[in-house]
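Breakdown of the fold
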Amino acid sequence: MVGSVTDRAASFWLRTRMPAEVSIVIGDRRASARTSADSDFTAVVRMEGLRPNTSYGYQVLIDGQLAKTESTRFKTFASSEKPQPFAVGFGGGAGFIPEWERMWDNITKYKPTAFLMLGDNVYIDQPEHSLAQHYCYYRRQSRPEWRRFTASTAIYSIWDDHDFGTNDCVPGPEIEKPAWKRKVWEIYRQNWVNPAYGGGEKQPGCWYDFMIADVHFIMLDGRYYRNRAGGSMLGPVQKAWLKKTLKASTGTFKVLASPVPFSPKIKPGSKDPWDGFPDERAEIFSWIAESRIAGVFLIAADRHRTDLRTIPNPGSYTLYEFESSRLTNRHTHPVVQTERLIWGYNKTCSFGLMKFDTSMDDPEVTFELIDIDGNTHQTHTLKQSALRSE
């Protein structure tokens, strides 16, 4: 799995059958790491010194022997000094349905620069049983479609209820309570290749941020510190980080990624989306308005369909939310009709694709709704000029 890509570096996640030295070779460069039982036989190899916006082929060596691999070619990101058009896909709701694992090959055809897994990436619902967690990751990682996809596309992930705890879980604000939290976090880290995991050992979580060219992606953890009594989904540390990160951002677009939708009435009668934390949602939106943060739009997962909606933000510009969470799920949610719905789709599995072009006088992003068979059902273009306060 390729991830943590920049304009000059990339990381490679690997799993072996037994302890081994693993190496990545690109041209005359070679970088290595070791897998061990302590890491569930996984390792991350970092390759530095690459060129921006460049396609590279790579080889995988295990104990010095060339491994049989597929699709081992990836592309570094464009630099912020010279932005280029690029596409980023995203989605959630990736239940293990063998006949729909072809979704990963479908996405690969679009050659996204990166793909964002926004939660329910695997369905575990067994936070106290580590073997079940391992099994669910192994099951997905065994699929050749997934392996081809992740070997060639920069992968970034956050979790939601089904890969963190149980359905609609509210585990509370404590780091070590319930006792299973840290172990779930450790297993999660073993199976992804993100640039960071919250605040690390002292403040576990899955939030982080990264840049592709001049577009800033800010990934949120909506589970670890979710606290109904305290009215917070993010917890104080993550929320302070979010504000600091947005304030300092130079991104032409700032993409705020949540595992659950911000849009009101998206799941009628439920407090699991941001409707369950209306004061914190209002605080964040008001802060964006007061701080005059330009270029923000929202993406989310959780609802088993693909929607585009808008959210009024008094004193500032209208916020757009692109939501998609039926990558491979069998279960479907109906399209909830709200006055702010632009379009919605739930007939079959689908994903969201965002096509950015910030080289234009008025930078733009085009949202596309694409199904598992490669059919584009809806598009919508958003100009950066629409995301500025008057």
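You'll find the structure just up there.
These numbers come from a predicted model, not from an experiment.

Rules used throughout
Residues numbered from 1 in each chain as written. Predicted model: local features only at pLDDT ≥ 70, side-chain atom pairs only at ≥ 80, totals over all residues. Heavy atoms only, no water. 1 Å grid on protein atoms, 1.4 Å probe; cavity = no way out; pocket = protein on both sides within 12 Å on 5 of 7 lines; lining within 4 Å. Points joined across faces, edges and corners; volume = space filled by probe spheres on them. Helix = DSSP H or I, 4+ residues; strand = E, 2+ residues; numbered from the N terminus. Nonpolar A, V, L, I, M, F, W, Y, C, P; charged D, E, K, R; others polar. Phe/Tyr/Trp six-rings, centres within 6.5 Å; stacked < 30°, edge-to-face > 60°. Lys NZ or Arg CZ within 6 Å of the ring centre and 35° of its normal. Buried < 20%, exposed > 50% of the residue type's maximum accessible area, 1.4 Å probe, protein only. Pairing = 2+ DSSP bridges. Right-handed = clockwise from strand over helix to strand, strands pointing away. Axes fitted to C-alpha atoms, helices over the stretch in contact; angles between N-to-C directions. Contact = heavy atoms within 4.5 Å.

Comments concerning the layout of surface pockets
Computed from the structure, the largest pocket encloses a volume of approximately 640 Å³. In terms of lining, the largest pocket is formed by 24 residues, of which the most central are Met1, Arg15, Lys68, Thr69 and Arg147. Among the elements that take part in the lining of the largest pocket, helix α3 (residues 144-152) stands out by supplying six residues, more than any other. Among the residues forming the lining of the largest pocket, the class breakdown is 13 nonpolar, six polar and five charged.

Thoughts on the packing of aromatic side chains
Inspection of every chain in the model, using the stated rule, returns 36 aromatic pairs. The ring of Trp146 is capped by Arg140, whose NZ or CZ atom sits 5.7 Å from the centre of that ring.

Topic: the environment of Gly64
If you trace the backbone, Gly64 turns up in the loop between β7 (59-62) and β8 (65-66). For Gly64, a relative accessible area of 38% translates into the label partly exposed. As for Gly64 and Glu21, which are separated by 43 residues in sequence, their C-alpha atoms are 7.6 Å apart.

As for the pairing of strand β15 (residues 253-258)
Of all six residues making up β15, six are buried, and the element is well covered by its neighbours. Residues of β15 alternate between two faces, with Phe253, Val255 and Ala257 on one and Lys254, Leu256 and Ser258 on the opposite face, all of them buried. Direction of pairing for strand β14 (residues 215-219) relative to β15: parallel, over a ladder of five bridges. Following the sheet pairing, Ile218 is matched in β15 by Leu256. Following the backbone out of β14, through helix α6 (residues 236-248) and into the adjacent parallel β15, one traces a crossover that is right-handed.

Looking at the sheet that holds strand β16 (residues 296-300)
Picture the strands of a sheet paired through backbone hydrogen bonds; they go either parallel or antiparallel. Overall, mixed pairing links the seven strands, which are arranged β13-β14-β15-β16-β18-β17-β19 in an open sheet. Of all strands in the sheet, those with a lone pairing partner are β13 (208-212) and β19 (341-345), marking the two edges. Strand after strand, the sheet turns through a mean of 20 degrees between neighbouring axes, direction not considered. Sheet analysis places strand β17 (residues 306-311) next to strand β18 (residues 319-324), joined by six bridges and oriented antiparallel. Within β18, the position partnered with Arg309 by the bridge is Glu321. Relative to the sheet, α6 contacts β13, β14, β15 and β16, its axis offset from that of β14 by approximately 180 degrees.

Overview of unusual backbone geometry
Peptide bonds are mostly trans, and most non-glycine residues show a negative phi. Cis rather than trans, the peptide bond between Lys177 and Pro178 has omega equal to -10 degrees. Tracing the sequence through the fold places Pro178 in the loop between α4 (161-164) and α5 (181-190). Phi at Lys111 is positive, roughly 50 degrees, even though this residue is not glycine. Within the secondary structure layout, Lys111 lies in the loop between α1 (103-108) and β11 (114-117). One non-glycine residue, Asp125, lies in the positive phi region at around 55 degrees. Looking at the element boundaries, Asp125 is found in the loop between β11 and α2 (130-141).

Quick notes on the pairing of strand β3 (residues 20-26)
Judged by how many residues are buried, β3 sits mostly within the fold: six of seven residues are covered. Summarising the sheet, β3 and strand β4 (residues 29-35) pair through seven bridges and their orientation is antiparallel. Bridged to Ala20 within β4 is Thr35. Connecting β3 to the next strand, β4, in antiparallel fashion are two residues, including Gly27 with a positive phi near 60 degrees.

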